[in-house]
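Residues per chain, in single letters:
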Amino acid sequence: MKMILTRKFTFDSAQALTTFPEGHKCRQMHGHTFILHVSVKGEVNRETGIVFDHAEIADKVKPLVNYLDHKCLNDLPGLEVPSLENMLAWFWDKLIADLPGLYELQLFETPTSWCTYRGEAG
C-alpha cells in the first residue's frame, strides 16, 4: 500500500521581491516565519511498517533550513529572486538526489499563503 509521509520544518528569513512593481509592499525588505512541508511517497515496508524514517528526512532538510534561517534570502546564490516558487525549486533541486520518493514540497509564508511543487516541469 502506498502512503505519503510529510515532515514540517520552520525557518525565519528576510526577503525583498524587487521584481514586484514600485509601491508593492513585498518589494520592500520584510520577513516571514516560513513553514516547509516535505513529503515522500512510497510503499509501506511490511517489515518496518513505515514508508520512510522521519529522521532521515530531517537529516537531509535541516542543513538547508539552517542555511536559510535568519538570512536575507536575496543575498544567497540561487535565491536572488526569493519568491515562493523559486524557493521551492531551490529546495527541490537540493533534495531530489538524496531523498528517495520525494513527492511534494509546500512552502507557507503566512497561514493563508503558500505554494506547492511536485517537481513537474512545464
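The text that follows walks through the structure, step by step, so that each part is easy to find. Worth saying up front: this structure is predicted, and the values here are computed from it rather than measured. Sequence positions are assigned chain by chain, starting from 1 and proceeding in written order. In keeping with the predicted nature of the model, local features appear solely for residues at pLDDT of at least 70, side-chain atom pairs appear and are counted solely at 80 or more, and the whole-chain, interface and lining totals rest on all residues. Excluding hydrogens and water, the side-chain figures rest on all heavy atoms present in the structure.

### Looking at the overall build of the protein
What the protein contains, in helices and strands, is two helices and four strands. Every helix listed is a DSSP run of H or I at least four residues long, and every strand listed is a run of E at least two residues long, numbered separately from the N terminus. Starting at the N terminus and ending at the C terminus, the protein contains elements arranged as β-β-α-α-β-β. Projecting the C-alpha coordinates of the protein onto the three principal axes gives extents of approximately 55 × 30 × 25 Å. Think of it in three bands: residues with accessible area under 20% of the maximum for their type are buried, residues over 50% are exposed, and the middle band is partly exposed, with areas taken using a 1.4 Å probe on protein chains only. Across the 122 residues that make up the protein, the buried fraction comes to 37%.

### Points about the sheet that holds strand β1 (residues 2–15)
Strand pairing within a sheet occurs via backbone hydrogen bonds; the two strands may be parallel or antiparallel. Read across the sheet, four strands follow the order β1-β2-β3-β4 without closing on themselves; strand pairing throughout is antiparallel. The open sheet has two edge strands, β1 and β4 (113–117), and neither has a second partner. Between one strand axis and the next, the sheet turns through 15° on average, direction left out of account. Two residues form a contact once any of their heavy atoms are found within 4.5 Å. Fitting a line to C-alpha atoms yields each axis, with helices limited to the stretch in contact; the angle taken between N-to-C directions then spans 0 to 180 degrees. Each of β1 and β2 (30–43) touches helix α1 (residues 54–68); the most contacted strand, β1, lies at about 15° to it. For two strands to count as paired, DSSP must find a minimum of two bridges between them.

### What to know about the environment of L36
With respect to the helices, strands and loops of the structure, L36 is situated in strand β2. Note on L36: relative accessible area 0%, which makes it buried. In this structure L36 touches R7, K8, F9, F11, V61, V65, L88, F91, Q106 and L107, once residues within four positions along its chain are discounted.

### Re the side chain of E104
Within the secondary structure layout, E104 lies in strand β3 (residues 102–110). Counting of polar contacts relies on pairs of N or O atoms within 3.5 Å, with two restrictions inside protein: one atom must be capable of donating a hydrogen and the other of accepting it, and residues adjacent in sequence are counted only when both atoms are side-chain atoms. Among the polar contacts made by the side chain of E104, one reaches the side chain of R118 at a distance of 2.6 Å. Residue contacts for E104: discarding those within four places in its chain leaves H37, V38, S39, W92, T116, Y117 and R118.

### Observations regarding α1
When the terminal C-alpha atoms of α1 are compared, their 21 Å separation across 15 residues agrees well with the 21 Å that a helix rising 1.5 Å per residue should span. Buried residues along α1 sit in contact with β1, β2 and α2 (84–95). At the N-terminal end of α1, a side-chain oxygen is found 2.8 Å from the backbone nitrogen of A55, two or three residues along, and the residue is D53. Among the residues trailing α1, H70 stands out with phi positive, at a value near 55°. Given a helix with a known number of residues, its expected span is that number minus one, times 1.5 Å.

### Describing the packing of α1 against α2
Axes are the key here: two packed helices are described by the angle between their axes and the distance separating the axes. The interhelical angle for the contact between α1 and α2, taken along N-to-C directions, is 140°, at an axis separation of 10 Å. Classed by the angle they form, the pair α1 and α2 counts as oblique. The interaxial crossing formed by α1 with α2 has right-handed handedness. From α1, K60, V61, L64, V65, Y67 and L68 reach across to α2, where they touch W90, F91, K94 and L95. Angles are sorted into four bins: roughly parallel if under 35 degrees, roughly antiparallel if over 145, roughly perpendicular if 65 to 115, and oblique for all others. The sense of a crossing depends on the near helix, which, turned anticlockwise from the far helix by less than a right angle, makes the crossing left-handed and, turned clockwise, makes it right-handed.

### Comments concerning the side chain of Q15
With respect to the secondary-structure elements, Q15 resides in strand β1. Judged by its relative accessible area of 1%, Q15 is buried. Discounting residues that sit within four places of it in the chain, Q15 has contacts with Q28, M29, H30, H32, F34, L73, N74, P82, M87 and E109.

### Quick look at the packing of aromatic side chains
Stacked, edge-to-face and tilted labels apply to pairs of Phe, Tyr and Trp rings (six-membered ring for Trp) whose centres lie within 6.5 Å, assigned for plane angles under 30 degrees, over 60, and everything in between, in that order. Evaluation of the coordinates by the stated rule reveals six aromatic pairs. Seen from their ring centres, Y67 and W90 are 6.1 Å apart, and the 10° between their planes marks the pair as stacked. Taken as a pair, Y67 in helix α1 and W90 in helix α2 lie far apart in primary sequence, 23 residues in all. Among the residues examined, Y67 registers a relative accessible area of 35% and is labelled partly exposed. Note on W90 and F91: the rings are 5.2 Å apart at their centroids and 80° apart in plane angle, and the pair reads as edge-to-face. On the basis of relative accessibility, which here comes to 0%, the residue F91 falls in the buried class. Joined through ring pairs, the aromatic side chains of F11, F34, Y67, W90 and F91 make up one cluster.

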